[in-house]
Amino acid sequence: MASAVAYGQKKRVAVVTFFVDKYIDASKIEAGSRAFAYEQTKQDDPRFDLRPVLQNFHETFMKKYVKQFPFEIVPEKDIINHPMYQAYKGLDGVEDEDSADVLLEQINDRFIAIDGYNVLLTGGNMLRSWRTESHMMKILEDQDIDGVMFVSMYYAWEPKVALGGLGNCGVRSYININLFDKDAKKVFKLDEFATSKKGVPLVSGTPVMNYKKLMPMCESATEELLADLNKKLPKYLKKVDQRL
């Protein structure tokens, strides 16, 4: 009977980060224009604010996608209000205090997280026991969890039609979901992307930057991606429960 009850219990997973990278990847546009393109999205311009897009994805994820998971998601409040989680900065091994401050500033400048979440990157060390995912399992062991999940979004310029440096350029949206087990081994990795229907002119291999069009392109790409994800998620999740 005890075995039957244990088998019937759902595994528990903690979502430990949920953020978006506000630097739009410019690796596919003309090399001489990349620095300018990055600078434009680094600016704290109110016309370019990915928070609403991130919040919409977070709401969709928590209200719709979570229901499809073959495991239970630990309530967010139990994670973001956890004292040890709040204190964790993910800078183990950075001994110099000034260097740590610089890294934190760069992280806070580049990434936008859902309120309460830390920006946490996976991996980062050859030894699995030193990686962020392993630290999270240890920090949250009092939550009786079987795994930790990292969720993030980012965007990239994507030339659609380009002939001789002329054409049209859209924005491609990416969603990354990584799930690790108690031993910090990767159980599940989802990397999906979709390109915006909307675009801007491409001149000499460089998108004509326009803040009024940039946000609609990011929104368009995200809408396309979420529509694709609705169809593909069940396939990704099919064997997760057996591996967790």
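Everything numeric in this text was worked out from a predicted model, so none of it was measured. (Residues numbered from 1 in each chain as written. Predicted model: local features only at pLDDT ≥ 70, side-chain atom pairs only at ≥ 80, totals over all residues. Heavy atoms only, no water.)

Caption draft 1: Examining the pairing of strand β1 (residues 12–21) more closely. Among the 10 residues of β1, 10 are classified as buried, and the element is accordingly described as predominantly covered. Inspection of the sheet shows β1 paired to strand β2 (residues 72–73) by 2 bridges, in the parallel sense. Paired with arginine 12 across the strands is glutamate 72, a residue of β2. As paired strands, β1 and strand β3 (residues 111–113) are joined by 3 bridges and run antiparallel to one another. Along β3, the bridge assignment pairs valine 20 with isoleucine 112. (Buried < 20%, exposed > 50% of the residue type's maximum accessible area, 1.4 Å probe, protein only. Helix = DSSP H or I, 4+ residues; strand = E, 2+ residues; numbered from the N terminus. Pairing = 2+ DSSP bridges.)

Caption draft 2: Focus on the pattern of salt bridges. Scanning the model with the defined rule gives 13 salt bridges in all. Close ionic contact of lysine 63 with glutamate 59 constitutes a salt bridge, the shortest N to O distance being 3.2 Å. Taken together, the residues lysine 63 and glutamate 59, both in helix α3 (residues 51–65) and 4 residues apart, mark about one turn of the helix. Overall, the relative accessible area of 55% leaves lysine 63 in the exposed class. Counted as one network, the salt bridges with shared partners bring together Lys28, Glu158 and Arg172. (Salt bridge = Lys/Arg side-chain N within 4 Å of Asp/Glu carboxyl O.)

Caption draft 3: Region of interest: helix α7 (residues 132–139). Extensive coverage of α7 is indicated by the burial of 7 of its 8 residues. Buried within α7 we find Thr132, Glu133, Ser134, His135, Met136, Met137 and Ile139.

Caption draft 4: Quick peek at the confidence of the model for the protein. The share of residues in the protein with pLDDT of 70 or more is 88%, and the mean pLDDT across the chain is 85. Taken together, the stretch residues 1–7 has pLDDT below 50 and engages in 0 contacts with residues farther than four places along the chain or on a different chain. (pLDDT = per-residue confidence, 0-100. Contact = heavy atoms within 4.5 Å.)

Caption draft 5: Quick look at the side chain of histidine 82. You can see histidine 82 is positioned in the loop between α4 (76–80) and α5 (83–87). Among the residues examined, histidine 82 registers a relative accessible area of 7% and is labelled buried.

Caption draft 6: View of the side chain of threonine 132. Structurally, threonine 132 can be placed in helix α7. A polar contact is formed between the side chain of threonine 132 and the backbone oxygen of leucine 121, at a distance of 3.1 Å. Residues in contact with threonine 132, not counting those within four places in the same chain, are Tyr88, Leu120, Leu121, Gly123 and Phe150. (Polar contact = N/O pair within 3.5 Å; in protein donor to acceptor, adjacent residues only side chain to side chain.)

Caption draft 7: Examining the pairing of strand β5 (residues 166–181) more closely. For β5, the buried fraction is high: 13 of the 16 residues fall into the buried class. Relative to strand β7 (residues 200–203), β5 runs antiparallel, the two sharing 3 bridges. Along β7, the bridge assignment pairs cysteine 169 with valine 200. Where β5 and strand β6 (residues 186–195) come together, 9 bridges link them in antiparallel fashion. Bridge pairing in β6 places isoleucine 177 opposite leucine 190.

Caption draft 8: Quick peek at unusual backbone geometry. Even without glycine at this site, aspartate 144 takes up a positive phi of about 55 degrees. Mapped onto the fold, aspartate 144 is located in the loop between α7 and β4 (147–163). Judged by relative accessible area, which is 56%, aspartate 144 ranks as exposed. In this structure, alanine 184 is a non-glycine residue whose phi angle is positive, near 65 degrees. Of note, alanine 184 is situated in the loop between β5 and β6. Residue class for alanine 184 comes out buried when judged on its relative accessible area of 3%.

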